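Fold and contact review
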Amino acid sequence: MMKKINLLFIACFCIWNSSFSQNAQVEKSIFGIQTGLLGIWVHNEARLAPKIALRSEIGFDAGFWISSYKEDGFAMIPTITLEPRYYYNLEKREAKGKKVHHNAANFLSLDVNYIPNWFVISNVDNVEVVETISFIPKWGIRRNIGQHLITK
């Protein structure tokens, strides 16, 4: 019985130790700004473990509508997002000689998005949103375009 416990302990230690011996790991901190047709966001991605990062994001989702009985409008709504990411192919990309800076790898994540009803920026008075929280599992690919552009 003691041999089995010792063998199990040695196996666990080797697996745990090998996880820290890899050179490829997510970056300590990445800051960025995203913009698109329907919003603008500021984000930070901080390393929690060699392959795990926490992406936090705050910004405005935007929308517009066309109405036949009231005036047309647009709205900008604040959003807060937390997204733990597991980058699973950093070593494979590095072994093939591909760049992994700015966490250029494939990832799995759980996107937790909160839309509060604090305020709405709109051209129409008395616009409100339903306070919402969503949990969205994701699989993604992150790649770099040049030195400063990153796709997600």
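Note that the structure is a prediction, hence the values are computed from the model and not measured.

1. Here's the deal with the overall build of the protein
- In terms of helices and strands, the protein carries two helices and nine strands.
- Tracing the protein from N to C terminus, the helices and strands come up as α-β-β-β-β-α-β-β-β-β-β.
- Evaluated residue by residue, the protein yields a buried proportion of 26% over its 152 residues.
- The long-range fraction of contacts in the protein, counting pairs at least 24 apart against all pairs at least 6 apart in sequence, stands at 51%.
- Surface accessibility of the protein: about 10,600 Å² in total, with carbon and sulfur atoms responsible for 65%.

2. Looking at unusual backbone geometry
- The backbone phi angle of Asn126 is positive, close to 60°, even though this residue is not glycine.
- Tracing the sequence through the fold places Asn126 in the loop between strand 6 (121-122) and strand 7 (132-141).

3. As for the pairing of strand 5 (residues 106-115)
- Bridge analysis of strand 4 (residues 73-87) against strand 5 gives six bridges, and the strand direction is antiparallel. What sits directly across from Thr81, in strand 5, is Asn113.
- Pairing of strand 5 with strand 7, which is carried by ten bridges, proceeds in the antiparallel orientation. In the strand pairing of strand 7, Ser109 is matched with Lys138.

4. As for a nonpolar patch on the surface
- Where nonpolar side chains cluster on the molecular surface, the patch consists of Leu37, Leu38, Phe64, Phe74, Trp118, Phe119 and Ile121 and spans about 800 Å² of accessible area.
- Counting through the fold element by element, Phe64 comes out in strand 3 (residues 52-65).
- On the accessibility criterion, Phe64 (59% relative accessible area) is exposed.

5. A word on the side chain of Asn113
- Examined against the element boundaries, Asn113 turns out to sit in strand 5.
- At a separation of 3.3 Å, a polar atom in the side chain of Asn113 contacts the side chain of Thr81.
- Excluding residues within four positions of it along the chain, Asn113 makes contact with Thr79, Ile80, Thr81, Thr132, Ile133 and Ser134.

6. A short note on the side chain of His43
- Checked against the element boundaries, His43 lands in strand 2 (residues 39-49).
- Among the polar contacts listed, one links the side chain of His43 to the side chain of Arg55, at a separation of 3.5 Å.
- Ignoring anything within four residues of it in the chain, the contact list for His43 reads Ile30, Phe31, Gly32, Ile33, Gln34, Arg55, Ser56 and Glu57.

7. Structural notes on the nonpolar core
- Grouped together as the largest cluster of nonpolar side chains are eight residues: Ala24, Val26, Ala53, Tyr87, Leu90, Val100, Ala105 and Phe107.
- Setting aside chain neighbours within four positions, we find Ala53 in contact with Val26, Glu45, Ala46, Arg47, Leu48, Glu83, Pro84, Arg85 and Tyr87.

The rules behind the values
- Residues numbered from 1 in each chain as written.
- Predicted model: local features only at pLDDT ≥ 70, side-chain atom pairs only at ≥ 80, totals over all residues.
- Heavy atoms only, no water.
- Helix = DSSP H or I, 4+ residues; strand = E, 2+ residues; numbered from the N terminus.
- Buried < 20%, exposed > 50% of the residue type's maximum accessible area, 1.4 Å probe, protein only.
- Contact = heavy atoms within 4.5 Å.
- Areas by Shrake-Rupley, 256 points an atom, 1.4 Å probe, with all protein chains shown as cover.
- Pairing = 2+ DSSP bridges.
- Patch = residues over 30% accessible without salt bridge, like charges linked within 9 Å, V, L, I, M, F, W, Y side chains within 5 Å.
- Salt bridge = Lys/Arg side-chain N within 4 Å of Asp/Glu carboxyl O.
- Polar contact = N/O pair within 3.5 Å; in protein donor to acceptor, adjacent residues only side chain to side chain.
- Core = buried A, V, L, I, M, F, W, Y, C linked by side-chain atoms within 4.5 Å.

Read these as spatial facts, not as claims about activity.
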